[in-house]
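# Results of the structural survey
The lines below spell out each chain.
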Amino acid sequence: ECLIQHDPDERPTRPEKDTYAISPSGHFYIHYDTTDADNGVPPDLTDNNGNGIPDYVDEVSVIADSAHHVLFDVLGYEVEPFDGEGGYDIFIKSFAAGVYGYCKKDNPSLNSDGQTSWVEIDNDYIDYNSIFNLTPIQIMRISLGHEYFHGVQYGYEGNFGNNAYFYEMTSMWFEDVLIPDGNDYLDGWADDLLDDPTAAFDDTGDGYELALFGHYLSSFIDENGMGDHKQSTIMREIWERFRDSNSSAYTSVKYILENNYNWDFSEAWVD
């Protein structure tokens, strides 16, 4: 399960790690352990390319930079709020199989203009189930893309309210935009929606299942995305409306469909 921080009273602290590497773009600082001291669990420290950085950390750097490129240079989102120290922080930890990662908020935020955050991912993604036979590295990639998009989302609206499902819907959607052959959103996550197709849009489950509707919006309703999801703008338009309107995610989806695409929400939802 992907997890976002829901408890407004929780005050998480950023993990302490032995060292860090900076991604090629310079935008990400990837923190990791090199020993088991102090309960730290390092990733595989193999360094086949001899650059002084574990190959696993190199893989994290590459997909993080790719996610950043797709979100900002291609899809047109605004960069996540700057926390005042270096780039965006990613921490490699050890989680139980089935916990894909976390995007955690600084409380209080380190930026008065938007909610700052950091991401935590697993150190190996071994023994995670996948009906598509995804490798641990592939699972890491979709997990990191998913969680990093949460950090971007917090810059648009840092308070979930009753809209946490929308954050998961759109992060699950982004996974397959970033990695088209990942298909993780079809790996059992849609069952909540398919098992109860008459449920209300904002009450189908935790939101992961709604990625199916997200892809419908970005590849059918938005004609620009019919050939390539990356050319679609509808999801960003909804996020911008959600940020600016002080209304619910559902109201924002409804508004964009009706005003920007001449579609009635009920018609699209039923379809």
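All values reported here derive from a predicted model rather than from experimental measurement. (Residues numbered from 1 in each chain as written. Predicted model: local features only at pLDDT ≥ 70, side-chain atom pairs only at ≥ 80, totals over all residues. Heavy atoms only, no water.)

## Digging into the packing of aromatic side chains
Heads up, the condition is: Only Phe, Tyr and Trp rings are paired, with Trp represented by its six-membered ring, and only when their centres lie within 6.5 Å; those with planes under 30 degrees apart are stacked, over 60 edge-to-face, the remainder tilted. Helix and strand definitions follow DSSP, with helices as H or I runs of at least four residues and strands as E runs of at least two, each counted in order from the N terminus. The cut-offs for exposure are 20% and 50% of the maximum accessible area for each residue type, with area from a 1.4 Å probe on protein chains only; residues under the lower value are buried, those over the upper are exposed, and the others partly exposed.
Under the defined criterion, the tally for this structure stands at 34 aromatic pairs. On the numbers, 6.3 Å between centres and 80° between planes, the contact of Y167 with F242 is edge-to-face. Of the two residues, Y167 sits in helix α3 (residues 164–178) while F242 sits in helix α6 (residues 234–245), which places them 75 residues apart along the sequence. By relative accessible area, which is 0% here, Y167 ends up buried. When the ring of W189 is compared with that of Y208, the centres are 4.8 Å apart and the planes differ by 50°; the resulting orientation is tilted. Here the residue W189 occupies a position in the loop between α3 and α4 (191–195), and Y208 occupies one in the loop between α4 and α5 (211–221), the gap between them amounting to 19 residues.

## So, the environment of Y167
Where we set the bar: Between N or O atoms, a polar contact is any pair within 3.5 Å; within protein, one atom must be a potential hydrogen donor and the other a potential acceptor, and residues adjacent in sequence are included only when both atoms are from side chains.
A sequence separation of 50 residues divides Y167 from S117, and the C-alpha atoms of the two residues are 14 Å apart. Within the local environment of Y167, its side chain forms a polar contact with the backbone oxygen of N159, the two atoms lying 3.4 Å apart.

## Comments concerning the packing of α6 against helix α7 (residues 249–260)
Heads up, the condition is: The convention used is that axes are lines fitted to C-alpha atoms, helices contributing only their stretch in contact, and that angles between N-to-C directions extend from 0 to 180 degrees. We call two directions roughly parallel when the angle between them is under 35 degrees, roughly antiparallel when it is over 145, roughly perpendicular when it lies between 65 and 115, and oblique otherwise. Each crossing is labelled by how the near helix is turned from the far one, with a counterclockwise turn of less than a right angle marking it left-handed and a clockwise turn marking it right-handed. Whether two residues touch is decided by their heavy atoms; if any such pair falls within 4.5 Å, the residues are in contact. Any residue outside Ala, Val, Leu, Ile, Met, Phe, Trp, Tyr, Cys, Pro, Asp, Glu, Lys and Arg is labelled polar, Gly included; the first ten of those are nonpolar and the last four are charged.
Look at α6 against α7: their axes get within 9 Å of each other, and the N-to-C directions meet at 125°. As summarised for this structure, α6 and α7 are arranged oblique, according to the angle between their axes. As for the relative orientation of α6 and α7, their crossing is right-handed in sense. Here I234, E237, I238, R241, F242 and S245 of α6 lie close against α7, whose contacting residues are A249, S252, V253, Y255, I256, L257 and N260. For the contact of α6 with α7, a count of residues per class yields eight nonpolar, three polar and two charged.

Read these as spatial facts, not as claims about activity.
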